[in-house]
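# Geometric and topological summary
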Amino acid sequence: MNTKFMDFLKKDYVKSGIICFTIAFLSFIYFVVKGEGFFVLTNDFNDQQIPFTIGLHNALLDSGITGFSWDIDLGTSTMDGFSFYELGSPFFWISMLFPANAFPYIVAWLFMLKFSFAGVFSCLYLRRFVNDSKWAVIGSVLYAFSGYSLVNLLFYHFHDAICFFPLLLIGLERYKEKKDYKFFVFTIFLNCFINYFFFVGEVVFLVIYYLCRFASKDIKTMLLDSVKCVGCGILGVGMAAFVFIPNIIFISGNPRTGEFSGIISMLTTDVQNYLYILKTLLIPGETLTEISAVKSQSFASHGFYLPMVGLGLVFAYIISRKKDWLSKILIYCLVASFIPLLSDLFYMYSAAQMRWWYMLTLMAALATVKMFEEPDVKAIGAGSVIYLALIVVLAVVANHLDMIYNPKRFYILVAVAIFGALLTYLYAALLKDGYRVVFTSLIVFSVVLMTATIHIYRTCAWMDYKDYKMRFEAAVQTELPSSQYRLNDTMNLTSMVAHVAGFSNQSSTDTNSIRDFEDLFDYYAQVTAIPKNDIPGLAELLAGKYFYAFDPNAGVLIKELPTSYKTMYLMERGACPIGFAADSYITEDELRKLDVTQRAIALLDSVVVDKADTTDELYTQVTADLPEKKAEDIDFETSVSDYVVEHTYGSVLGFEKDGHGMKCVTAYDKDTYVYFSVPYDTGWTATVDGEKTDIIVSGGMMLIKVPAGNHNVEFSYITPGLKLGTIVSVLCWMLFLVFTFYIRNGRISK
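Residues numbered from 1 in each chain as written. Predicted model: local features only at pLDDT ≥ 70, side-chain atom pairs only at ≥ 80, totals over all residues. Heavy atoms only, no water.

### Side note on the packing of helix α9 (residues 158-178) against helix α10 (residues 181-194)
Across the interface, α9 lies against α10 with an axial gap of 8 Å and an inter-helix angle of 160 degrees. Classed by the angle they form, the pair α9 and α10 counts as roughly antiparallel. Crossing hand, α9 versus α10: left-handed. Residues Asp160, Phe164, Phe165, Leu167, Leu168, Ile170, Gly171, Leu172, Arg174 and Tyr175 of α9 pack against Tyr181, Phe183, Phe184, Thr187, Ile188, Leu190, Asn191 and Ile194 of α10. In the contact of α9 with α10, the residues fall into 13 nonpolar, three polar and two charged. (Axes fitted to C-alpha atoms, helices over the stretch in contact; angles between N-to-C directions. Helix = DSSP H or I, 4+ residues; strand = E, 2+ residues; numbered from the N terminus. Parallel < 35°, antiparallel > 145°, perpendicular 65-115°, else oblique. Left-handed = near helix turned anticlockwise from the far one by under 90°. Contact = heavy atoms within 4.5 Å. Nonpolar A, V, L, I, M, F, W, Y, C, P; charged D, E, K, R; others polar.)

### Considerations on the state of the cysteines
Scanning the model with the defined rule gives zero disulfides in all. We note that cysteine 232 lacks a disulfide partner, and the nearest cysteine sulfur, in cysteine 229, lies 6.3 Å from it. Judged by relative accessible area, which is 6%, cysteine 232 ranks as buried. (Disulfide = S-S within 2.5 Å. Buried < 20%, exposed > 50% of the residue type's maximum accessible area, 1.4 Å probe, protein only.)

### Focus on the nonpolar core
Core analysis: the largest hydrophobic core is formed by 225 residues, its most contacted members being Phe28, Tyr125, Tyr209 and Phe676. Among the elements that take part in this core, helix α6 (residues 103-126) stands out by supplying 15 residues, more than any other. Leave out the neighbours within four places in its chain, and tyrosine 209 touches Tyr125, Phe129, Leu169, Leu172, Glu173, Phe214, Trp325, Ile329 and Met363. Counting 40 residues, the second largest nonpolar core, distinct from the first, contains Phe503, Phe521, Leu541 and Ala600. (Core = buried A, V, L, I, M, F, W, Y, C linked by side-chain atoms within 4.5 Å.)

### Remarks on the pattern of salt bridges
Following the criterion strictly, the structure yields 22 salt bridges and no others. The closest approach of N and O atoms between arginine 174 and aspartate 180, which form a salt bridge, is 2.6 Å. For aspartate 180, a relative accessible area of 8% corresponds to the buried category. (Salt bridge = Lys/Arg side-chain N within 4 Å of Asp/Glu carboxyl O.)

### Considering the environment of arginine 213
Within the secondary structure, arginine 213 is located in helix α11 (residues 196-214). Spatially, the C-alpha atom of arginine 213 lies 18 Å from that of glycine 233, the residues being 20 residues apart in sequence. Setting aside chain neighbours within four positions, we find arginine 213 in contact with Phe129, Glu173 and Trp325.

### Quick word on the pairing of strand β17 (residues 709-717)
In the sheet, strand β11 (residues 661-668) pairs with β17 via eight bridges, with the strands oriented antiparallel. For alanine 667, the partnering residue across the bridge sits in β17 and is asparagine 710. (Pairing = 2+ DSSP bridges.)

### Side note on the packing of aromatic side chains
Following the criterion strictly, the structure yields 64 aromatic pairs and no others. Note on phenylalanine 186 and phenylalanine 189: the rings are 5.7 Å apart at their centroids and 45 degrees apart in plane angle, and the pair reads as tilted. With phenylalanine 186 and phenylalanine 189 both in helix α10 and three residues apart, the pair spans about one turn of that helix. Here phenylalanine 186 falls in the partly exposed class, since its relative accessible area comes to 34%. Given the relative accessible area of 10%, phenylalanine 189 is considered buried. (Phe/Tyr/Trp six-rings, centres within 6.5 Å; stacked < 30°, edge-to-face > 60°.)

### Considering the sheet that holds strand β3 (residues 486-487)
Read across the open sheet, the four strands follow the order β3-β4-β6-β5; overall the sheet is mixed. One side of each edge strand has no neighbouring strand; the edge strands of this open sheet are β3 and β5 (556-562). Summarising the sheet, β5 and strand β6 (residues 567-572) pair through six bridges and their orientation is antiparallel. In the sheet register, glutamate 560 faces β6, and the bridge partner there is tyrosine 569. Set on the sheet, helix α22 (residues 465-476) makes contact with β4 (544-549), β5 and β6; between it and β6 the angle comes to about 55 degrees.

### Looking at the sheet that holds β17
Read from one edge to the other, the open sheet built from five strands follows the order β10-β11-β17-β13-β14, with strand pairing classed as antiparallel. The open sheet has two edge strands, β10 (653-658) and β14 (691-693), and neither has a second partner. Strand-to-strand twist across the sheet, computed as the mean angle between neighbouring axes with direction ignored, equals 25 degrees.

Here's what the structure looks like:
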């Protein structure tokens with residue numbers, strides 16, 4: 001038994017996993033200990049990655065993947081809101097073994113696992129192309145700890161794509177070698193399920209990879225082979241359709257998807273972007289929140305630098321093997337990086353920037369280890385000179401254009417890149433057997449660069465570690481007295497950790513109708529929601545009754561929340577309930593005649609109804625039943641608090657909500673329209689006493705008509721496209737299993 005275990009440990013991919021875990025452990029452990037187990041970084045990691053993982057955990061326990069999460073901004077489909085982040089991540093499902101609010105205490109260890117598996121899977125790919133698998137181990141470290149991985153520590157979920165992408169290439173390679181359809185199909189399914197967004201970029205890269213590596217002059221054979229590959233792709237995506245189809249439906253209406261801006265305009269970019277791309281290719285990556293040169297801040301995920309070796313051996317490989325398939329891929333990717341038309345193609349011209357570069361780093365790692373294993377001294381010398389010359393050009397130009405904002409850090413990074421390039425030339429060109437020294441130096445570089453990146457991220461945090469942990473501890477204790485109101489706090493952390501409806505303000509994937517509502521106030525941002533407390537009456541309209549304070553006299557005290565640092569207080573103030581009666585309407589055109597600061601008060605006075613948002617029949621019905629208000633008719637003499645009192649009296653009764661929807665009782669003395677400050681999408685179904693009723697879209701929110709008397713109203717939610725996606729997935733899985741069985745039993749020729 002011991003012998004078998006020792007033999008297992010000697011396997012190259014196991015070594016890679018252990019080495020990468022060790023490097024990550026050495027980099028993280030100081031910060032884990034310093035935080036007493038509670039690990040944070042800054043910005044998006046703190047504001048999205050930690051709370052979103054907790055929010056998804058809670059949402060799944062509430063209603064599974066079919067339901068509605070009240071924790072994301074004003075409310076969003078669980079599937080649509082979280083799929084881009086972690087719904088498909090195997091590491092998320094490991095975190096489900098722990099309590100939801102334990103995540104900040106385990107996230108560093110899960111990060112270590114991600115780096116470990118990135119090493120394992122990249123090694124399995126790289127060893128196919130080297131004679132001695134020890135070089136695949138080196139390549140796996142280069143890939144796992146590239147500049148792309150380090151700068152994107154901020155985006156925890158990106159590392160799932162980094163981990164599993166090599167499996168997709170292995171799947172294609174096995175298909176070409178052994179006609180192993182089933183493994184290829186499964187890797188397509190796996191990557192599509194893990195993250196649909198990154199999968200799109202991987203498919204584009206896979207096409208480039210196939211054309212460069214397997215293109216044939218035999219057009220007929222190649223076309224037939226391509227059809228088989230496409231068939232495998234369709235089957236694999238079909239197996240993941242229960243996630244893929246709902247998300248494609250969702251993002252098709254998301255304004256963040258972006259659009260193609262024209263061939264000519266996308267052939268070039270400006271000097272600053274050229275220089276920034278060059279910088280991120282040549283020298284160690286920096287934190288996205290605080291950059292030393294060219295740009296002071298950028299969240300576009302630009303990062304590439306292979307620890308110690310940089311680009312020197314990549315240039316050497318291209319020089320020595322110009323017609324090689326790998327050289328073609330490297331040349332295409334490097335050129336594409338500077339041409340938006342080619343670069344943005346990876347993610348269908350969405351706001352993706354260089355988020356495909358992890359694929360380039362794997363190819364660069366392969367070229368590097370092949371040059372280490374089979375050195376061409378002349379080419380290595382030429383490649384090193386080109387690389388060093390470009391670094392010098394970068395430094396001179398950045399200095400000349402006055403684009404160096406932190407000279408000390410910038411020149412340290414330049415020095416590190418130059419030192420690494422010289423070491424690499426020494427090891428690759430001059431040492432006959434330099435594996436051990438390459439291995440040792442690479443580990444040192446990786447640990448130092450990753451530790452430094454974590455340190456800088458933590459030191460440029462917008463919120464102090466103690467303040468963040470204090471709010472986390474307060475949120476853990478928070479329970480709202482009434483489910484018909486929201487927590488008036490803009491941090492994702494508080495609403496998702498407390499698992500309550502809130503005003504969380506930072507998400508790339510909140511429901512599209514929230515953007516429609518925000519557009520009523522001439523507000524648009526790709527990630528951050530409209531500040532609800534900056535416009536008079538808006539927080540009150542949206543049920544923002546509860547809030548945190550450090551002063552117990554700041555409002556009506558609900559509960560003391562002692563933390564490790566200070567006592568916080570849960571307070572309340574006046575706000576409209578989530579569902580209340582409406583007695584007049586205003587058109588969107590009339591609403592927009594008012595100043596932005598007056599529009600929320602106008603919505604407290606009258607619900608907005610626009611012909612473009614509903615059917616002609618419903619629009620005619622509403623406008624016939626309710627009196628119309630013009631912009632000049634809105635009573636601005638009535639205070640916000642008076643509107644709150646009025647709508648509190650007009651509130652629905654017995655309001656309850658969960659991940660499946662909401663329900664209440666109405667008891668009006670006449671037929672009444674009821675406004676619910678809940679974002680609409682086609683997944684909602686409303687019933688009155690069990691009979692389906694029409695939902696009228698009111699500026700992105702929902703309006704229904706209820707008859708006089710006592711009635712039970714219920715809103716049910718099922719993610720749009722989920723039923724279709726599930727049917728497709730079941731059929732494709734059946735086809736896959738039957739296909740696999742027949743191949744295994746020799747009934748289908750490979």
